[in-house]
Amino acid sequence: INSNNIKSTNVLETTLCYRENIVNKEVFMIPLNPNKAIEQRDALVKYIYQRIFDIIINTINNSLYRGKYDRNIGVLDIFGFEVFELNSFEQLCINYCNERL
């Protein structure tokens, strides 16, 4: 498929379902197989959740910061509080799953 045939209103769909191939300055959009498209989707969602999680944690930590770093947000797991330099959304999911088990 030539890239001119892809409508700009479907940018998300195009990004998730096609890969770009440039040959002699002409851009071709090659459809991904369903498994690759699913991997693309999952990677995007994970990135979005990670960014949202980082914003929430930074906002909370900044509101707690009053000239001292004696207050921060820790992630609770089955062994108690863990203190990381950076709490990630992935770590929260792992801890949540451990709690549910």
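Residues numbered from 1 in each chain as written. Predicted model: local features only at pLDDT ≥ 70, side-chain atom pairs only at ≥ 80, totals over all residues. Heavy atoms only, no water.

A. Inspection of a nonpolar patch on the surface at higher detail. Taken together, the side chains of Leu12, Leu44, Val45, Tyr47, Ile48, Tyr49, Ile52, Ile56 and Ile60 make up a nonpolar region of the molecular surface, amounting to roughly 800 Å² of accessible area. For the nonpolar patch, the leading source of residues is helix α2 (residues 34–64), giving eight residues. Along the chain, Ile60 falls in helix α2. (Patch = residues over 30% accessible without salt bridge, like charges linked within 9 Å, V, L, I, M, F, W, Y side chains within 5 Å. Areas by Shrake-Rupley, 256 points an atom, 1.4 Å probe, with all protein chains shown as cover. Salt bridge = Lys/Arg side-chain N within 4 Å of Asp/Glu carboxyl O. Helix = DSSP H or I, 4+ residues; strand = E, 2+ residues; numbered from the N terminus.)

B. Region of the structure containing the pairing of strand β2 (residues 26–31). Where strand β1 (residues 18–23) lies against β2, six bridges are found, and the strand directions are antiparallel. Counterpart to Glu20 in the pairing with β2 is Met29. Counting the residues between successive antiparallel strands, the hairpin from β1 to β2 contains two residues, one of them, Asn24, with a positive phi of roughly 50°. (Pairing = 2+ DSSP bridges.)

C. Layout of unusual backbone geometry. In the Ramachandran plot, Asn24 falls in the positive-phi region, its phi being about 50° despite a non-glycine side chain. You can see Asn24 is positioned in the loop between β1 and β2. The exposure class of Asn24 is exposed, given its relative accessible area of 76%. Unusually for a residue other than glycine, Lys25 sits at a positive phi of about 65°. Relative to the assigned elements, Lys25 resides in the loop between β1 and β2. You can call Lys25 exposed: its relative accessible area is 81%. (Buried < 20%, exposed > 50% of the residue type's maximum accessible area, 1.4 Å probe, protein only.)

D. Just the pattern of salt bridges, in detail. In this structure the tally under the stated criterion is two salt bridges. Ionic pairing is found between Lys36 and Glu39, a salt bridge with its closest N-O pair at 3.6 Å. Placement of the pair is Lys36 and Glu39 together in helix α2, with a separation of three residues, close to one helical turn. One salt bridge connects Asp42 with Arg41, and the closest N-O pair in it is separated by 2.9 Å. Relative accessible area serves as the criterion here: at 40%, Asp42 is assigned to the partly exposed category.

Interpretation note: all reported values are geometric properties and have no functional meaning in isolation.
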